[in-house]
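Residue-level listing of the chains:
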Amino acid sequence: MQATAEPMNRERAVHGGNESPSESSIERRLASRIGAARYRMWFDGSARLRIAGEELHVAAPSRFAADWIERHFRDDLATVAADVRLQAVRVVVEEAPGA
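Below is a summary of the structure that appears in this document.

About the cut-offs
- Residues numbered from 1 in each chain as written.
- Predicted model: local features only at pLDDT ≥ 70, side-chain atom pairs only at ≥ 80, totals over all residues.
- Heavy atoms only, no water.
- Helix = DSSP H or I, 4+ residues; strand = E, 2+ residues; numbered from the N terminus.
- Buried < 20%, exposed > 50% of the residue type's maximum accessible area, 1.4 Å probe, protein only.
- Contact = heavy atoms within 4.5 Å.
- Areas by Shrake-Rupley, 256 points an atom, 1.4 Å probe, with all protein chains shown as cover.
- Salt bridge = Lys/Arg side-chain N within 4 Å of Asp/Glu carboxyl O.
- Expected span 1.5 Å × (residues − 1).
- Arc of directions from axis to C-beta.
- Axes fitted to C-alpha atoms, helices over the stretch in contact; angles between N-to-C directions.
- Parallel < 35°, antiparallel > 145°, perpendicular 65-115°, else oblique.
- Left-handed = near helix turned anticlockwise from the far one by under 90°.
- Nonpolar A, V, L, I, M, F, W, Y, C, P; charged D, E, K, R; others polar.

A few words now on the overall build of the chain. When you go through the chain residue by residue, the secondary structure sums to three helices and four strands. If you list the helices and strands of the chain from N to C, you get β-α-α-β-β-α-β. Put simply, the chain has 99 residues, and 44% of those count as buried. Nonlocal contacts in the chain, meaning residues at least 24 apart in sequence, comprise 75% of its contacts between residues at least 6 apart. Of the accessible surface of the chain, which amounts to about 5,200 Å², a share of 46% is contributed by carbon and sulfur atoms.

Another aspect to go through is the pattern of salt bridges. Here the structure, examined in full by the defined rule, presents two salt bridges. Residue Glu 70 pairs with Arg 74 through a salt bridge whose shortest N-O separation is 2.6 Å. In this pair, Glu 70 and Arg 74 are both assigned in helix α3 (residues 63-83), four residues apart and thus about one turn of the helix distant. Both residues of the pair, Glu 70 and Arg 74, count as buried.

With that out of the way, let us pick up helix α1 (residues 23-34). Between the first and last C-alpha of α1 there are 16 Å, a value that for twelve residues agrees with the 16 Å anticipated at 1.5 Å per step. Listed in full, the buried residues belonging to α1 are Ser 25, Ile 26, Leu 30 and Ile 34. Down the axis of α1, the buried side of the element spans an arc of 140°, and every buried residue falls inside it. Following α1 by one or two positions, Gly 35 adopts a phi angle in the positive range, close to 100°.

We now examine the packing of α1 against α3. For the pair α1 and α3, the least separation of the axes is 9 Å and the interaxial angle reads 130°. Here α1 lies oblique to α3, going by the angle between them. Here α1 runs over α3; the crossing is right-handed. Where α1 approaches α3, its residues Ile 26, Arg 29, Leu 30, Arg 33 and Ile 34 are matched on the opposing element by Phe 73, Asp 76, Leu 77, Thr 79, Val 80, Ala 81 and Asp 83. Of the residues assigned to the contact of α1 with α3, the class counts are seven nonpolar, one polar and four charged.

Dropping the structure here:
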């Protein structure tokens, strides 16, 4: 998998959430933050979220989807990851055919 852009260097502080970091808690918070319709269109069944250490990786099914997610959802992804108590977050959008 190849990253579509440089990793985000922004460090995020813990914002006091009670959930342990997990893909499912990030998915729930992301759907709530961006709305159910947008979540279903771009993430539900097409892109995969994975926590790797303190990074949130988003695997998209095509270069187009990866670029679009990078431009439109990077800040939302970083915010919800911080909300589930990841100490620092770099969101890396990757192209992953068949994601």
